[in-house]
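Chain by chain, the residues:
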Amino acid sequence: MRLPRSVAGWTIAVFGVLALVMGAVGLLWPEALLRVLGFEIPQSRAPGDYTGVFVTASSMASFNMGVYYLLAAATEWRAFYRFTVVFRLVTFTVFTLAVLADIAPGRFFGVAAWEGLGAVATAAGLWWDARRPAGTAARSGAVAPAAGSGSTADESEQDDDRRGAGTSGVGPATDAVH
């Protein structure tokens, strides 16, 4: 697996690793995950209590999301980075409202804060990366645009957004055939 080549990529990779680990913990030891989030662990569950099913589903989603984020970081998929900023802010809002409405325990606000701070960190990373001098990317290990790709940094980034970074550089139609 390739290491991220940008500040924004590192923020995505860190979130991906943590989502993967928390998903694995929830699948292997659900009570530990519930305790970390501030939920009570009763001695026994009443019939019709589907907490275990919900934790399993949420943990599997978290595990998968971690894989998606790590793949995005490895391929420097900047369109995905921008997408996550918006939806992590939405997640922050929903989770915060759940705590304020007493739907979730107060400690659950830590999850909301993590999402909000992660969105801000990725947005800041995107902003920082967009303002780095052109030569900095080559020195940091970023892959130079393919020949025939955009002649400016903005055009190259637009090309990457259309076909996905790390592809053959031949364009979306030809790349789809490969």
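Keep in mind that what you see is a predicted model, and the values were worked out from it rather than measured.

So, on to the overall build of the protein. From N to C terminus, the protein includes eight helices and zero strands. Helices and strands in the protein line up, N terminus first, as α-α-α-α-α-α-α-α. A total of 178 residues make up the protein; the buried ones form 31% of that total. A separation threshold of at least 6 residues defines the contact pool for the protein, and within that pool the share at least 24 residues apart is 69%. Here the protein displays about 10900 Å² of accessible surface, and carbon together with sulfur accounts for 69% of that area.

Right, let's talk about the confidence of the model for the protein for a bit. Segments scoring low in pLDDT should not have their predicted coordinates read at a detailed level. With 74% of its residues at a pLDDT of at least 70, the protein reaches an overall mean of 82. Contacts for the low-pLDDT stretch residues 138-152, under 50 throughout, to residues beyond four places or in other chains number 15 contacts. Of the regions scoring below 50 in pLDDT, residues 166-178 engages in nine contacts with residues more than four places distant in sequence or in other chains.

Before going further, it helps to examine the side chain of threonine 122. The topology assignment puts threonine 122 in helix H5 (residues 109-130). The class of threonine 122 is buried, set by a relative accessible area of 1%. Setting aside residues up to four positions removed in sequence, threonine 122 forms contacts with Ala8, Thr11, Ile12, Tyr81, Thr84, Val85 and Arg88.

Throughout the structure, instances matching the rule amount to five salt bridges. Between arginine 78 and glutamate 76 there is a salt bridge; the shortest N-O distance is 3.1 Å. Of the two residues examined, arginine 78 and glutamate 76, each falls in the buried class. Within the structure, one salt-bridge network assembled from shared partners comprises Glu76, Arg78, Asp129 and Arg132.

In this structure the tally under the stated criterion is eight aromatic pairs. A centroid spacing of 6.0 Å and a plane angle of 20° characterise the contact between phenylalanine 15 and tryptophan 114, whose relative ring orientation is stacked. With phenylalanine 15 in helix H1 (residues 7-28) and tryptophan 114 in helix H5, the pair connects residues that are 99 residues apart, well separated along the chain. Accessibility expressed as a relative area gives 4% for phenylalanine 15, which makes it buried. Where tyrosine 69 meets phenylalanine 80, the ring centres are 5.1 Å apart and the plane angle is 80°; that geometry is what we call edge-to-face. Remark: phenylalanine 80 occurs in helix H4 (residues 78-100) and tyrosine 69 occurs in helix H3 (residues 51-75); sequence separation between them is 11 residues.

What follows covers unusual backbone geometry. Phi at glutamate 76 takes a positive value of approximately 55°, unusual for a residue other than glycine. Note on placement: glutamate 76 falls in the loop between H3 and H4. In this structure, aspartate 102 is a non-glycine residue whose phi angle is positive, near 60°. Residue placement: aspartate 102 occurs in the loop between H4 and H5.

As a further point, take the environment of proline 42. Structurally, the position occupied by proline 42 is in the loop between helix H2 (30-36) and H3. For proline 42, a relative accessible area of 36% gives the class partly exposed. For proline 42 and glutamate 31, which are 11 residues apart along the polypeptide, the C-alpha to C-alpha distance reads 9.9 Å.

Here we come to the packing of H4 against H5. One way to put it is that H4 packs onto H5 with a least axis distance of 8 Å and a crossing angle of 155°. If you check the angle between H4 and H5, you find them roughly antiparallel. Along this stretch, H4 crosses H5, giving a crossing that reads as left-handed. Partitioning the contact of H4 with H5 into residue classes produces 14 nonpolar, six polar and five charged.

Cut-offs and rules
Residues numbered from 1 in each chain as written. Predicted model: local features only at pLDDT ≥ 70, side-chain atom pairs only at ≥ 80, totals over all residues. Heavy atoms only, no water. Helix = DSSP H or I, 4+ residues; strand = E, 2+ residues; numbered from the N terminus. Buried < 20%, exposed > 50% of the residue type's maximum accessible area, 1.4 Å probe, protein only. Contact = heavy atoms within 4.5 Å. Areas by Shrake-Rupley, 256 points an atom, 1.4 Å probe, with all protein chains shown as cover. pLDDT = per-residue confidence, 0-100. Salt bridge = Lys/Arg side-chain N within 4 Å of Asp/Glu carboxyl O. Phe/Tyr/Trp six-rings, centres within 6.5 Å; stacked < 30°, edge-to-face > 60°. Axes fitted to C-alpha atoms, helices over the stretch in contact; angles between N-to-C directions. Parallel < 35°, antiparallel > 145°, perpendicular 65-115°, else oblique. Left-handed = near helix turned anticlockwise from the far one by under 90°. Nonpolar A, V, L, I, M, F, W, Y, C, P; charged D, E, K, R; others polar.

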